[in-house]
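Structural characterization, general
Given next are the chains, with one letter for each unit.
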Amino acid sequence: MSEVILSREGLRARSAPLWLDATRKTACSFVSHAHGDHIGRHLEAIGTPATLALMGHRLQGAKTVHRQVEYGRSFRIGPLELELFSAGHVLGSAQIRITVRGHRTVYTGDLNTAPSRTAAAVEVAACDTLVIESTFGHPRYRFPPRSEVEDRIAAFAGEVLDAGVTPVFFAYSLGKSQEAVKILGERGFKVRVHPEAWAICEIYSAHGVRFPNAAPLSPEAEAGEVIVAPPRTREFRAWNRRGPIRTCFLSGWAIDPGARYRSRVDAAIPLSDHADFDGLVDYAKATGASRVLTTHGSADDLARELRARGVDARAMNPSPQLELF
Ligand SMILES: [Zn+2]
């Protein structure tokens, strides 16, 4: 029986008052990572030191008690034996394994199985029941190899600079921006970072991630700068006084036809911090889980594809009963 159930507040453990990535205030929630749709002003939050530092930055003024847990250290809440594993998604991101009476249930949170320059590599969390996110869980989402994606980012920056224009990469402030800053800086580009993303770079630095050739964006433009900024295109264009720019959106959604036009950018490159379809399927199989529950995004598509491959899988959608068994 799955230890993870869907309740009014979202996902929670069945046998103890532990919520999973609740966004409404709870007594105690596991926080898989610090993206806005996974955090809340809880009385107590359980997560890795990096996740709790990033959450504290995003929810300033919250009086949450932080219970820091490193990857691979087991701990208990009531009858639950618990352990965190790296999820490979952003700095500090974790999966949680909940073992009750010998049955192991893993909840992944957001998961990335491809290499990252700023997050620890994903660890396979062996289990009996797997609750897995499905953001890119449709077969149309297959990303190019990471090295090819990085080459395309560097090529865009180089070509735009050669034309005497400033390249601007739009990327989410937490996770994607730090990857972009690291990729470009390690290739020798002079990277200038929007203050919102730079504040998060500083938290990454405090946890050991280095950003060569990078500095905060200043009002005085210098020649040869490459800019990384949050994806608020119109706001950036209104603010920019640097002369001509060419823009590029960094996101897994770049794989969708028309992404470039919808985002009003000159280019879109599929730099993702989520696993693609093959990554999700391979991960589900690697855990050895005999039952897979899919959540978020393309949950129905991923469950159907897993069933076609012989896995007992179904989507974990809200139901009128609220609790799914
Ligand atoms: Zn996330």
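Residues numbered from 1 in each chain as written. Predicted model: local features only at pLDDT ≥ 70, side-chain atom pairs only at ≥ 80, totals over all residues. Heavy atoms only, no water.

Going by an unreviewed UniProt entry, the protein carries the name mRNA 3-end processing exonuclease and comes from Vulgatibacter incomptus.

For aspartate 21, which is not glycine, the phi torsion reads 55 degrees and is therefore positive. With respect to the secondary-structure elements, aspartate 21 resides in the loop between strand 3 (19-20) and strand 4 (28-30). In the Ramachandran plot, histidine 296 falls in the positive-phi region, its phi being about 65 degrees despite a non-glycine side chain. Here histidine 296 lies in the loop between strand 18 (291-295) and helix 8 (299-308). (Helix = DSSP H or I, 4+ residues; strand = E, 2+ residues; numbered from the N terminus.)

To continue, consider the coordination of the zinc ion. Of the protein atoms, only His33 (NE2), His35 (ND1), His89 (NE2) and Asp110 (OD) coordinate the zinc ion, at distances of 2.2 to 2.3 Å. Each of the four donor atoms bound to the zinc ion contributes to angles spanning 92 to 163 degrees, and the resulting shape is irregular. All donors of the zinc ion come from a single chain, and their spacing in sequence reads H-x1-H-x53-H-x20-D. Residue histidine 33 is found in the loop between strand 4 and strand 5 (44-47), and its partner histidine 89 is found in the loop between strand 8 (80-86) and strand 9 (94-100); the two are separated by 56 residues along the sequence. Comparing histidine 33 with histidine 89 shows no difference in burial state: the two are buried. (Donors = N, O, S within 2.8 Å, 3.2 Å for Na, K, Ca; no water. Tetrahedral: all angles 85-135°; square planar, octahedral: opposite > 155°, others 65-115°. Buried < 20%, exposed > 50% of the residue type's maximum accessible area, 1.4 Å probe, protein only.)

We now examine the packing of helix 2 (residues 146-162) against helix 3 (residues 176-186). It is at 10 Å that the axes of helix 2 and helix 3 come closest, and there the two elements cross at 70 degrees. Relative to helix 3, the element helix 2 lies roughly perpendicular. Touching Arg146, Glu150, Ile153 and Ala157 of helix 2 are Glu179, Ile183 and Leu184, all from helix 3. Grouping the amino acids of the contact of helix 2 with helix 3 by side-chain chemistry returns four nonpolar, no polar and three charged. (Axes fitted to C-alpha atoms, helices over the stretch in contact; angles between N-to-C directions. Parallel < 35°, antiparallel > 145°, perpendicular 65-115°, else oblique. Contact = heavy atoms within 4.5 Å. Nonpolar A, V, L, I, M, F, W, Y, C, P; charged D, E, K, R; others polar.)

Let us now look at the sheet that holds strand 14 (residues 214-216). The strands that make up a sheet are held in pairs by hydrogen bonds between backbone atoms, and each pair lies either parallel or antiparallel. Overall, parallel pairing links the six strands, which are arranged 14-13-15-12-16-17 in an open sheet. Every interior strand has two partners, whereas the edge strands, strand 14 and strand 17 (267-269), have only one. Put simply, the sheet's adjacent strands are angled 25 degrees from each other on average, direction ignored. Where strand 16 (residues 245-250) lies against strand 17, three bridges are found, and the strand directions are parallel. Among the inter-strand pairings, leucine 250 is bridged to a residue of strand 17, identified as isoleucine 269. The strands touched by helix 3 within the sheet are strand 12 (166-170), strand 13 (190-193), strand 14, strand 15 (225-229) and strand 16, with strand 15 carrying the most contacts at an inclination of about 165 degrees. Where helix 4 (residues 195-206) meets the sheet, it contacts strand 13 and strand 14, and its direction lies at approximately 105 degrees from that of strand 13. (Pairing = 2+ DSSP bridges.)

Moving on, we come to the layout of surface pockets. Counted as a void, the largest pocket has a volume near 470 Å³. For the largest pocket, the lining is made up of 26 residues, of which His35, Asp37, Tyr172, Asp273 and His274 are closest to its centre. When the residues that make up the lining of the largest pocket are grouped by side-chain class, the tally is seven nonpolar, 11 polar and eight charged. A domain split of the lining of the largest pocket shows at least three residues from each of domain 1 (4-140 + 274-315) and domain 2 (146-269). Its boundaries defined by the atoms lining it, the second largest pocket holds a volume of some 310 Å³. Around the second largest pocket sit 19 residues that line it, and Leu6, Gly10, Leu11, Asp21 and His296 are the ones nearest its centre. Its residues assigned to classes, the lining of the second largest pocket comprises eight nonpolar, seven polar and four charged. (1 Å grid on protein atoms, 1.4 Å probe; cavity = no way out; pocket = protein on both sides within 12 Å on 5 of 7 lines; lining within 4 Å. Points joined across faces, edges and corners; volume = space filled by probe spheres on them. Domains from an automatic or database assignment.)

On to the pattern of salt bridges, then. The full count for this structure, using the stated rule, is 17 salt bridges. With a shortest N-O distance of 3.2 Å, aspartate 128 and arginine 104 are connected by a salt bridge. Of this pair, aspartate 128 sits in the loop between strand 10 (103-107) and strand 11 (129-133) while arginine 104 sits in strand 10; the two residues are 24 residues apart in sequence, bridging distant segments of the chain. Of the residues examined, aspartate 128 reaches a relative accessible area of 22% and is grouped as partly exposed. Residue glutamate 305 is joined to arginine 309 by a salt bridge in which the shortest nitrogen-to-oxygen separation is 3.1 Å. For glutamate 305, a relative accessible area of 21% gives the class partly exposed. (Salt bridge = Lys/Arg side-chain N within 4 Å of Asp/Glu carboxyl O.)

At a closest axis distance of 10 Å, the pairing of helix 1 (residues 49-58) and helix 4 adopts a crossing angle of 155 degrees. Overall, the two elements helix 1 and helix 4 adopt an arrangement that is roughly antiparallel. Every pair of crossing elements has a handedness; the one defined by helix 1 and helix 4 is right-handed. Across the interface between the two elements, Ala53, Leu54, His57 and Arg58 from helix 1 touch Ala199, Ile200, Ile203 and Tyr204 from helix 4. Of the residues in the contact of helix 1 with helix 4, the class split is six nonpolar, one polar and one charged. (Left-handed = near helix turned anticlockwise from the far one by under 90°.)

Our focus in this paragraph is the domain arrangement of the protein. The extent of an interface is frequently quoted as the accessible surface area lost upon association of the parts. Domains assigned within the protein are domain 1 (4-140 + 274-315) and domain 2 (146-269). Computed over C-alpha atoms only, the centres of domain 1 and domain 2 are separated by 29 Å. Each side of the interface is counted separately: domain 1 has 18 residues, and domain 2 has 20 residues. For the pair domain 1 and domain 2, the summed buried area comes to about 1,600 Å², and 67% of that belongs to carbon and sulfur atoms. Here domain 1 and domain 2 share three salt bridges between them. In this structure, the connection of domain 1 to domain 2 is made through eight residue pairs in polar contact (both at pLDDT 80 or more). Here the side of domain 1 that touches domain 2 is composed, by residue class, of 10 nonpolar, five polar and three charged. (Buried area = accessible area lost by both parts, 1.4 Å probe. Polar contact = N/O pair within 3.5 Å; in protein donor to acceptor, adjacent residues only side chain to side chain.)

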